[in-house]
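# Working through the structure, step by step
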Amino acid sequence: MTDRRAMTVLDRPNSYIGRSVPRPNAARLAQGRGTYVDDIVLPRMVHLAFCRSPYAHAEILSIDTAAAAALPGVVRIVTMADLKDYCTPWVGILDHLKGIKSAPQWPLANGKAFFQGEPVVAVVATSRALAEDAVDLVEIDYRELPAVADMETALDPDTPVIHPELGDNLCFERRIDAGDVEAAFAEAAVVVEETLHFNRHTGVTLEPRSIVCDFNPAEETLTLHMSVQCPHMSKNLYAKHLGLDEDRVRVICKDVGGSFGIKIHTYSDEMTAGALSVMLRRPVKFVADRLESFTTDIHARDHRVTAKMAFNAEGEVTAIDMDDLTGIGPYSVYPRSSGIELNQVANLTGGPYKHRNYRVRARAVFQNKGVMCQYRGVGHPIAVAVGEALIDKGAAALGMDPAEVRRRSFIADDAYPYTSPSGAIYERQSHRESLAKLLQTMDYEGLRREQQELRGRGVHRGIGFASLIEVTNPSPAFYGVGGARIASQDGCTIRLDPTGGITCATGVTEQGQGTEAIIAQIAATAVGVEPRHVRVITGDTDVVPYGGGTWASRGAGIGGEAALQAGKELRRNILAVAGAILQSTPESLDIRDGVIVDESDGTERMPLAELGRLVYFRGDTLPPDLQPELVATRHYTSRSYPFAFTNAAHACYIEVDVETGLLKLLKYWVVEDCGTVINPLLVAEQTRGGVVQGLGAALYEECLYSPEGQLLNGSLADYLLPMAGEMPDIVVEHVTTPTETSELGAKGVGEAGTAGAPGAVMNALNDALRPFGARLAHMPFTPDKILRALGKI
Amino acid sequence: MVKPVIVNLTVNGEPVSRAVEPRLTLADFLRDDLGLKGTHVGCEHGVCGACTLRLDGVAVRGCLTLAVQCEGAAVETIEGVTERGVLKDLQDEFVARNALQCGFCTPGMLISAGELLERNPLPSREEIREQLSGNYCRCTGYQSIVDAVETTARKRSGQNT
């Protein structure tokens, strides 16, 4: 029964799904043979640098470019007035975020600058150094305007309105009121409350944003070499705003030096590069320097959340009531909008738990700081930290163990599929099993004993938990229904070459997470060849099927399923041809390790290379009614659920020096349930990397602004990132609950580490400080804040 | 603009003579003038470590060194290291252990780790973590890198891993 086997493709002979196969592209990168955008050099290419607003809010009175233009090597200097015929503005709103509003954003400041670092004048020269020399010679007269920096006062009546045409500084508001929150709090045995601050930070991709735009006037084609996560989205946006035929815009994305959500947005400087390439009819390169990255890459978080949680006497969560305020900079970012993060906070807080009473008010406000938008985890780190902080605080008030309160409060294992009070639908989650495995892996009881013993000796250690859910495999409900042309489907085209090799083109992209490896594993398994005989092509809109790319942890679940179905179809096609050649029925044959074999006993019948030779070169020998099709394409969209929610249980073990305020990370554990694990090595490494980004956010990283809206730490010397010396070893284990929405059963895993780590380390810190009656909920948890909480300074 | 200056050096064993602007960094010189794109520029102020290379055997930041400072010097980049095969075991271990994701930090990380293993053939995990704290990696969380360096050190020392 071939169908029976098709239903369990993961169990096929020689399946590569579930195996830690090394990435085929890693050796190239380990030899320094990657191709990042800045490595690309094209004939007649010129370089771009910008005069950027030194003020957070200013009117531009005059611009004098005469001295700069006279500098040898300068090719062109433009202001927004010069670009108006080449580029239209954009507005970052989505139809399904009711009431969201924003102002038009232009490639260069259009009379006013709304944040420090906003590009005002673009200088094109024969080298970046010369372009920067010329930037220094441009004279711009500004009139500084009052800056709206503090999000807490952004909506006050006496605060200036940043975009007067919008009426106020409110970008978006979301409210939820489910169940009877008032009654639940009135009846509660225990109520706890907390105000949490989530620091503004950013992705710090080691490779900065980079683009080479190459307009060919003879063909009216624009080729964009971009460091980007979603090539087809960029193709659409550049065509739309530069007034080009979308079919003549091509996006090529080779190696990407880190993205994490930074490289899915529309940036003024990059769009200017596109407009200038069209204007100058030659290639234009722009590579952000580190200061430009800090001031103009999207920032993330910057939330203040006040929340309370009710518990009954049994230690079960019964209600949550929260208020979230977030400052998003002067524009809602295009095209995904800056409303999504707070929407996620509203949708997901308390996600693992069974309360039916849930009230939220979440507001995004404009301010004159860098723009805020989706970065790895999008809302999850906030939602998780809020819920998990309240659970721990509630456990302390109840006099119960924090793991026990979680166990009692989790959604019942037999309640799935389950609709949360915010309307999120969970297919199936494994919270109890994941937590049980976590407690066992970390030896929870042993750690508690150790903690107790060490306290007696003045050593203060803490254990923190975070249970979480994560949105992955998004359906069109995420962006498509909001009118954004961001594909939630993805495709895979797979072909058998005359050599017997397989070539696979996929719409999902490689950012280093291992897309090419897992697509090769899936294709190899589905067809029946070794992964080394599969070549995977990504990141070229002229070559790969139309797709969404990398975001919202979708590559494995969406792109992987498309690859699986394409591979199965190719296998069927190959077996049909093989059956005709070998005078057998296709059902009696199989493909194993690149050889057509008898399905029953594995007897070798014909290598794929021989089938390829006959099909491609000796069609005359095939039956006259047989036209072989050795190329297959399949697409996949998740439709039965809006999202495939994963779940995880995290634990963090730390030690605090109460004299210096230094926090040492001792160990970290994750039990992750991302459904079918395609490559355990890559899943573990995605998880570890994600945890470290979450730890960085909670402990070190912060974009510090002055009251005037000036970024105070725009360099890597001043903005602290996690380093090897500070990070702990991270143990990763699995519980496997495949999604039944796809045959592959894979959910996403790229963001779960980042989602859980801030809450887990916060809970560990507060656990360590409990004997002192000290508590912190204001990230990042720097030594000075810890000492202040301890009353030492 | 200040007049270019002639600089003579060897890069990956090959003699090179070029006229360079005094302000040109060694990293930009290697990348833009010599086409050696394996040296990556991440911050241009000596913090991230992506441009780490060897200058007369010492690991230095390519972004904090000027090309004109390299008169008579021997520069080795990831391309030269790879060609000589001196880090092949470490590179193989990086691939096997997935100690790289996006790969942008990797050439600098390999050169720093290679220098560490020359100075300290059997470092502890703490020593590896400490020594590699001059090289940022945003993807891996570092554990796999530490594992790869530790495994290479043990194999070189003839220890079972």
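Residues numbered from 1 in each chain as written. Chains lettered and ligands numbered in written order. Predicted model: local features only at pLDDT ≥ 70, side-chain atom pairs only at ≥ 80, totals over all residues.

Helix and strand counts for chain B stand at 6 helices and 5 strands. Listed N to C, the secondary structure of chain B is β-β-α-β-β-β-α-α-α-α-α in terms of helices and strands. Its C-alpha atoms put chain B at 55 × 30 × 20 Å along the principal axes. Considering chain B as a whole, with its 161 residues, one finds that 55% of them fall into the buried category. Contacts in chain B between residues at least 24 apart in sequence constitute 58% of all its contacts with a sequence separation of at least 6. (Helix = DSSP H or I, 4+ residues; strand = E, 2+ residues; numbered from the N terminus. Buried ≥ 20, exposed ≤ 12 C-beta atoms within 10 Å, placed from the backbone. Contact = placed C-beta atoms within 7 Å.)

This next bit is on the sheet that holds strand β6 (residues 139-144) of chain A. All names here are of chain A. Strand order in the open sheet formed by 3 strands is β4-β2-β6, with antiparallel pairing between adjacent strands. Strands at the two margins of the open sheet, each flanked by one partner only, are β4 (112-113) and β6. Of the strand pairs in this sheet, strand β2 (residues 58-64) and β6 are connected by 6 bridges, and their pairing is antiparallel. If you follow Glu 59 over to β6, its bridge partner there is Arg 143. (Pairing = 2+ DSSP bridges.)

With that out of the way, let us pick up the nonpolar core. All names here are of chain A. With 300 residues, the main nonpolar core has Val 123, Cys 504, Ala 523 and Val 761 as its most contacted residues. Examining the composition of this core, we find that 12 residues originate from one element, helix α16 (residues 555-582), more than from any other. Discounting chain neighbours no more than four positions away, the residues touching Ala 523 are Ile 494, Ile 502, Cys 504, Val 534, Ala 563 and Gly 567. (Core = buried A, V, L, I, M, F, W, Y, C linked by C-beta atoms within 7 Å.)

Quite often, the size of an interface is put as the accessible area lost when its parts meet. Residues and elements named next belong to chain B. Per the domain assignment, the segments making up chain B are domain 1 (5-81) and domain 2 (86-156). Elements with a minimum of two residues in the side of domain 1 that touches domain 2: β3 (52-55) and α2 (78-84). Ranked by the residues each element gives to the side of domain 1 that touches domain 2, the list is headed by β3, at 3 residues. Considering only residue class, the side of domain 1 that touches domain 2 consists of 7 nonpolar, 6 polar and 1 charged. (Domains from an automatic or database assignment. Nonpolar A, V, L, I, M, F, W, Y, C, P; charged D, E, K, R; others polar.)

Residues and elements named next belong to chain A. Along its sequence, chain A is organised into domain 1 (3-34 + 489-636), domain 2 (37-145 + 210-286) and domain 3 (299-476 + 640-789). Of note, the centres of domain 1 and domain 2, computed from C-alpha atoms alone, are 40 Å apart. Counting residues at the interface gives 15 residues for domain 1, matched by 17 residues for domain 2. Grouping the amino acids of the side of domain 1 that touches domain 2 by side-chain chemistry returns 3 nonpolar, 10 polar and 2 charged.

Contacts between chain A and chain B engage 42 residues on the former and 40 residues on the latter. For the side of chain A that touches chain B, the secondary-structure elements that each account for two or more residues are α2 (26-30) and α18 (680-699) of chain A. The element that contributes the greatest number of residues to the side of chain A that touches chain B is α18(A), accounting for 7 residues.

Residue and element names in this part refer to chain A. Secondary-structure assignment places Trp 669 in strand β29 (residues 663-673). Among the residues examined, Trp 669 registers 25 C-beta atoms within 10 Å and is labelled buried. In the structure, Trp 669 is positioned 492 residues away from Asp 177 in sequence and 35 Å away in space, judged by C-alpha atoms. For Trp 669, the contacting residues outside a window of four places in its chain are Leu 438, Thr 441, Met 442, His 650, Ala 651 and Val 731.

Next up on the list: the environment of Val249(A). Along the chain, Val249(A) turns up in strand β12 (residues 249-252). Residues Val249(A) and Leu237(A) lie 12 residues apart in sequence; the distance between their C-alpha atoms is 9.8 Å.

What follows deals with unusual backbone geometry. Residue and element names in this part refer to chain A. A cis amide bond links Tyr 334 with the next residue in sequence, Pro 335, at an omega value of 0 degrees. With respect to the helices, strands and loops of the structure, Pro 335 is situated in the loop between β16 (317-327) and α10 (340-348). Cis rather than trans, the peptide bond between Met 779 and Pro 780 has omega equal to 0 degrees. Inspection of the secondary structure puts Pro 780 in the loop between α19 (752-769) and α20 (783-789). A positive phi angle, near 55 degrees, is found at Asp 443, a position not held by glycine.

Another aspect to go through is the sheet that holds strand β5 (residues 74-76) of chain B. Residues and elements named next belong to chain B. As summarised here, the arrangement of the 5 strands in space is β2-β1-β5-β3-β4, forming an open sheet in which the pairing is mixed. At either margin of the open sheet sits one strand with a lone partner, and together these are β2 (14-20) and β4 (58-61). Shown here is a sheet whose adjacent strand axes are inclined to one another by a mean of 40 degrees, direction ignored. Together, β3 and β4 form the strand contacts of helix α4 (residues 106-119), whose direction differs from that of β3 by roughly 50 degrees. (Axes fitted to C-alpha atoms, helices over the stretch in contact; angles between N-to-C directions.)

For a regular strand, side-chain orientation follows a simple rule: the groups alternate between the two sheet faces. Residues and elements named next belong to chain A. Within β16, 9 of the 11 residues are buried, which leaves the element mostly enclosed by the surrounding structure. Bridge analysis of strand β15 (residues 303-311) against β16 gives 9 bridges, and the strand direction is antiparallel. Residue Ala 310 lies in a different strand from β16, and its bridge partner there is Ala 319. Where β16 and strand β17 (residues 357-365) come together, 9 bridges link them in parallel fashion. Across the sheet, Ile 320 pairs through a bridge with Tyr 358, a residue of β17.

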